[in-house]
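Okay, here's what each chain looks like letter by letter:
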Amino acid sequence: MASETKSTTNIEPIAVTPDQRPTLTEEQQKSIPVLPVRDTVLFPHAVLPLTVGRESSIQLINSLGEEKTILVVAQREARVDAPQPTDLYAIGTLATVHKVVKMPNQSLFVFTEGLTRGKLQDFSQLTPFLRANVEPIPDAEPEASPEIEALQRNVLTLFQQIVAGSPTLSDELQTVAINIEEPGRLVDFVASSLPFLSTKDKQEILETPDVSHRLQAINHHLAKELEVQQLRNKIQNEVQDQVQQSQREYYLREQMKAIQKELGEQDETQRDVEELRQKIEAAGMPEEVKKEATKELNRLARMSPMAADYSVTRNYIEWLAVLPWAKSSGVVVDIKKAAEVLDADHYDLKKVKDRILDYLSVRRLKPSMKGPILCFVGPPGVGKTSLGRSIARALERKFVRLSLGGVHDEAEIRGHRRTYIGALPGQIMQGLRRAETNDPVFVLDEVDKLGRDFRGDPSSALLETLDPEQNSTFRDNYLDVPFDLSKVLFICTANMLDTIPEPLRDRMEIIELQGYTEDDKAHIAERYLIPKQIEENGLTKEQIEFPEDSVRFISRHYTREAGVRNLERNIGTVCRKQARRIAEGNTEKLTVTREVVQEFLGGIKIRIDTEIAERTKRPGVAVGLAWTPAGGDILFIEANKMKGKGGFTMTGQIGQVMQESMQAALTWVRSNAEKLAIPEEFFKDHDIHIHVPAGAIPKDGPSAGVTMATALVSLLKDTPVRPLTGMTGELTLSGNVLPIGGVKEKFLAAKRAGVKDILFPADNRMNVEEDLTPEQLEGVNLHFCSTIEEVLEVALPGSRLEERQDAETRERVLSNA
């Protein structure tokens, strides 16, 4: 190996007689040892130390006798270890070996001085080292001309600037360059002194015989290097200026701190830190949380306000400091007063009120008890959310409401981790911050409408929140410290339980809020809705009056709901009409009669009481009772017959379970045809069609089994079902009537529709006694049946006299409409 080196160690000198300016004999010119070197170009008149490590090169140096002349030539590819003639450039430099030093690793350190350019001719020897005939190329100095002089001066000036601006080049190079008069030698000296020139560039200069061209080439390289050097210096200066500016600001800031300390003042950052420290001390945090907050505060105090994490850390500490760790309402509630508040705000709802008063009573005996997790389930408009606000008022606690409808992201409940930009705690912790106490009434509205997607499952995140055994150590993702939620009274609201996951439903105490009867709505309107709408529309009690009959008229013929939202909306419409009359100059008091209602609200929208009487005039029509998420409703089952071959058709967008109930009803009727006095041949010669209006609404469930059987028997016996009669119950093939759900909703729907006789399964008697009050049962005859025969006995007239009485009743209802 042969390459340039800068320092050596453990040098062992070998005596070699140097020759400063040897002359080449003709014999020497013919055959000279050739020393290949890597990444190095030796120029004439330049002294270059070489490290010789290849075996062939060491043999070459050792074979030199008195004549120390060799040809130093660069390899085309530095990676070639055993170069052949084709691996070398054609032109090298004839050089004299002045001194050889043996190194500890057996390599040689050789000092060479270039004499003149030499061109390789034929190779006379390839092993153990290369020998070749060399043709010396003399340096022909050009004639003096203004162009040569200008180029020479320009090269010298550029070289001086580069040396002056480079920390690695010695200033002595400028002096040497100034003392060189020959242009060719100047170019060779400059090229050999520049470390940034590549081997290829140096070789091109070495191979250029024309001095003028050589000057132009080196001038181009120097100009390019000077531009790069100036740009590098500019960048370095800019960076240094920035560093110096930052250091200057740092020193000034430290001096300002020292001055403020002497004056007893504090800067804004220190004041912030001190304020946060005081807030942490006053927050009453648990020891574990206080330790975390103090650690973050000490970290904040060491930060520069300009740091990227400063605002993130400050916000985190601020959140920890403002949460109500130990602040509670601390009010001992009077049970009687709480009952009065609940009664004043809401009519009826006895079960809910009793449960709340039970909770207050136990809490009075055991203040450390955990808050219950209640879930109010009921149709829209029955007062679930407003009941939560009323409970908070009765308990004298803060009220927080969080709507969960359409929430898809788990982070809405438990917060984002602090690593995210703009991260915040979840809505649970944000609600507690707004409440400023650790025991508010927290309403989670529409819990049955939670969504789930790729961002997580919020209902699963609620499991920890709504579990009294776990929520005492609730850990928000943002805060990452435990917070005690066990004192919070969580109240969830939902329209239906089906969409609530089972594990979440298991953690809640379900309290059902059924719909209201017409009497209930009349009371609610009188006590709450009418005064509220009168006030909201700028009226007074002296300007408008709602008689109870008018309120019932609006409820019966303009609304069809379990709650009271539409009723309130219609009362508000009437109030706005009166407000307009007053604004137009008619200041007389308005008494709202049925005629006024029809004038303001338009014609009657719902005629459901007369609809039952009208549609049950013909045989084959029976009234069933259905449960819906919006409360109960009535359901007409219609059957018809026609000539055919015993076919059975079912329509009305009915589900699989309901179709099976129809099949079961038909099977029972056919199996009991003889008992029902129906000819057996009838089913062979006729097709039967059962339809359930309205055809656009999906329907399913087994509870209309007895209604279908009644409609079929009514059709086949050609006897209309008794007017104002409704029924519900699942039918078996043996004729037994099985219990159903939604008893209160179905009963209230039937009563709203004007039904006077309601048939329930016998096993539902207990549900009726528990869920319905005597006031609600007033005006309705209940019949509890265990078999379909008992149902038919009540639903169908048993004699001609009863048929005439039913017809008279039907006509009376239709004439009063």
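Just so we're clear, the structure is a prediction, and the values are computed from it rather than from any experiment.

Draft legend 1. Inspection of a negative patch on the surface at higher detail. Taken together, Glu-674, Glu-680, Glu-681 and Asp-685 make up a surface patch of like negative charges. If you trace the backbone, Glu-681 turns up in the loop between helix H23 (656–671) and helix H24 (682–685).

Draft legend 2. Up close: a nonpolar patch on the surface. A contiguous nonpolar surface patch, about 340 Å² in accessible area, is contributed by Leu-231, Ile-235, Val-239 and Val-243. Among the structural elements, Val-243 can be located in helix H7 (residues 211–263).

Draft legend 3. Geometry of the nonpolar core. Within the largest apolar cluster, 60 residues are counted, with the highest numbers of intra-cluster contacts made by Val-34, Ile-61, Phe-159, Val-190, Ile-218 and Leu-222. Looking at this core, the element that brings in the most residues is helix H3 (residues 146–165), giving eight residues. The residues contacting Leu-222, other than those within four sequence positions of it, are Val-155, Leu-158, Phe-159, Ile-162, Val-190 and Leu-194. Counting 53 residues, the second largest nonpolar core, distinct from the first, contains Leu-276, Ala-283, Leu-404 and Phe-474.

Draft legend 4. Summary view of unusual backbone geometry. Backbone torsion omega between Thr-127 and Pro-128 reads -5°, so that peptide bond is classified as cis. Along the chain, the position of Pro-128 falls in the loop between strand E7 (108–125) and strand E8 (130–137). We note that Glu-436 has phi near 65°; this positive angle belongs to a residue other than glycine.

Draft legend 5. Layout of the side chain of Gln-430. With respect to the element layout, Gln-430 can be found in helix H15 (residues 427–435). Beyond its immediate sequence surroundings of up to four residues, Gln-430 is in contact with Trp-319, Leu-424 and Pro-425.

Draft legend 6. Just the sheet that holds strand E14 (residues 489–494), in detail. If you trace the five strands from one edge of the open sheet to the other, you get E10-E11-E14-E9-E15, paired in parallel fashion. Edge positions in the sheet fall to strand E10 (399–403) and strand E15 (509–512), since each of these pairs with one other strand and no more. Within the sheet, the average angular offset between the axes of one strand and its neighbour, ignoring direction, is 20°. As judged from the five bridges shared by strand E9 (residues 373–377) and E14, these two strands associate in the parallel manner. Pairing of Val-377 across the sheet is with Ala-494, part of E14.

Draft legend 7. Molecular detail of the environment of Pro-183. Along the polypeptide, Pro-183 turns up in helix H5 (residues 183–193). Sequence separation between Pro-183 and Leu-792 is 609 residues; the distance between their C-alpha atoms is 131 Å. When near neighbours in sequence (up to four residues on either side) are disregarded, Pro-183 contacts Glu-141, Ile-148, Gln-152, Val-211 and Leu-215.

Draft legend 8. Molecular detail of the packing of helix H18 (residues 518–536) against helix H20 (residues 565–583). Running from amino to carboxyl end, H18 crosses H20 at an angle of 45°, the nearest separation of the two axes being 10 Å. Between H18 and H20, the interaxial angle falls into the category oblique. The crossing of H18 and H20 is right-handed. Residue-level inspection shows Lys-521, Ala-525, Leu-529, Ile-530, Lys-532, Gln-533 and Ile-534 of H18 in contact with H20, the latter providing Leu-567, Glu-568, Ile-571, Gly-572 and Cys-575.

Draft legend 9. Seen up close, H18. Where H18 bends most, the angle comes to about 50°, and this point is Ala-525. The set of residues buried in H18 consists of Glu-518, Asp-520, Lys-521, Ala-522, Ile-524, Ala-525, Tyr-528, Leu-529, Ile-530, Gln-533 and Ile-534. Contacts from the buried residues of H18 go to helix H11 (335–345), strand E16 (544–545), helix H19 (548–558), H20, helix H26 (743–752) and helix H28 (774–777). In the segment just after H18, Gly-538 is the residue with positive phi, at about 75°.

Draft legend 10. Region of the structure containing the side chain of His-98. Among the structural elements, His-98 can be located in strand E6 (residues 91–102). Owing to a relative accessible area of 12%, His-98 belongs among the buried residues under this scheme. For His-98, the side chain forms a polar contact with the side chain of Glu-113, separated by 2.7 Å.

Draft legend 11. Representation of the pattern of salt bridges within the structure. A full pass over the atoms with the stated rule returns 32 salt bridges. For Lys-350, the salt bridge goes to Asp-354, with nearest N and O atoms at 3.0 Å. With a gap of four residues between them, Lys-350 and Asp-354 both fall in helix H12 (residues 350–365), about one helical turn apart. The class of Lys-350 is exposed, set by a relative accessible area of 56%. Taking relative accessible area as the criterion, Asp-354 reaches 33% and is therefore assigned partly exposed.

Draft legend 12. Seen up close, the packing of aromatic side chains. Inspection of every chain in the model, using the stated rule, returns eight aromatic pairs. Taking 5.9 Å as the distance between ring centres and 65° as the angle between the ring planes, the aromatic pair formed by Tyr-316 and Tyr-478 counts as edge-to-face. On the criterion of sequence distance, the pair formed by Tyr-316 in helix H10 (residues 310–322) and Tyr-478 in the loop between strand E12 (474–475) and strand E13 (482–483) is long-range, its members being 162 residues apart. The two residues Tyr-316 and Tyr-478 agree in class, both being buried. Here Phe-682 and Phe-683 contribute two aromatic rings whose centre-to-centre distance is 5.7 Å and whose plane-to-plane angle is 90°, an arrangement assigned as edge-to-face. Phe-682 sits in the buried class, given a relative accessible area of 12%. Owing to a relative accessible area of 9%, Phe-683 belongs among the buried residues under this scheme. The side chain of Arg-418 reaches across the aromatic face of Tyr-316, ending 3.7 Å from its centre.

What counts and how
- Residues numbered from 1 in each chain as written.
- Predicted model: local features only at pLDDT ≥ 70, side-chain atom pairs only at ≥ 80, totals over all residues.
- Heavy atoms only, no water.
- Patch = residues over 30% accessible without salt bridge, like charges linked within 9 Å, V, L, I, M, F, W, Y side chains within 5 Å.
- Areas by Shrake-Rupley, 256 points an atom, 1.4 Å probe, with all protein chains shown as cover.
- Salt bridge = Lys/Arg side-chain N within 4 Å of Asp/Glu carboxyl O.
- Lys, Arg positive; Asp, Glu negative; His and termini not counted.
- Charge placed at Lys NZ, Arg CZ, Asp CG, Glu CD.
- Helix = DSSP H or I, 4+ residues; strand = E, 2+ residues; numbered from the N terminus.
- Core = buried A, V, L, I, M, F, W, Y, C linked by side-chain atoms within 4.5 Å.
- Buried < 20%, exposed > 50% of the residue type's maximum accessible area, 1.4 Å probe, protein only.
- Contact = heavy atoms within 4.5 Å.
- Pairing = 2+ DSSP bridges.
- Axes fitted to C-alpha atoms, helices over the stretch in contact; angles between N-to-C directions.
- Parallel < 35°, antiparallel > 145°, perpendicular 65-115°, else oblique.
- Left-handed = near helix turned anticlockwise from the far one by under 90°.
- Bend = angle between axes of the 7 residues up to and from the residue.
- Polar contact = N/O pair within 3.5 Å; in protein donor to acceptor, adjacent residues only side chain to side chain.
- Phe/Tyr/Trp six-rings, centres within 6.5 Å; stacked < 30°, edge-to-face > 60°.
- Lys NZ or Arg CZ within 6 Å of the ring centre and 35° of its normal.

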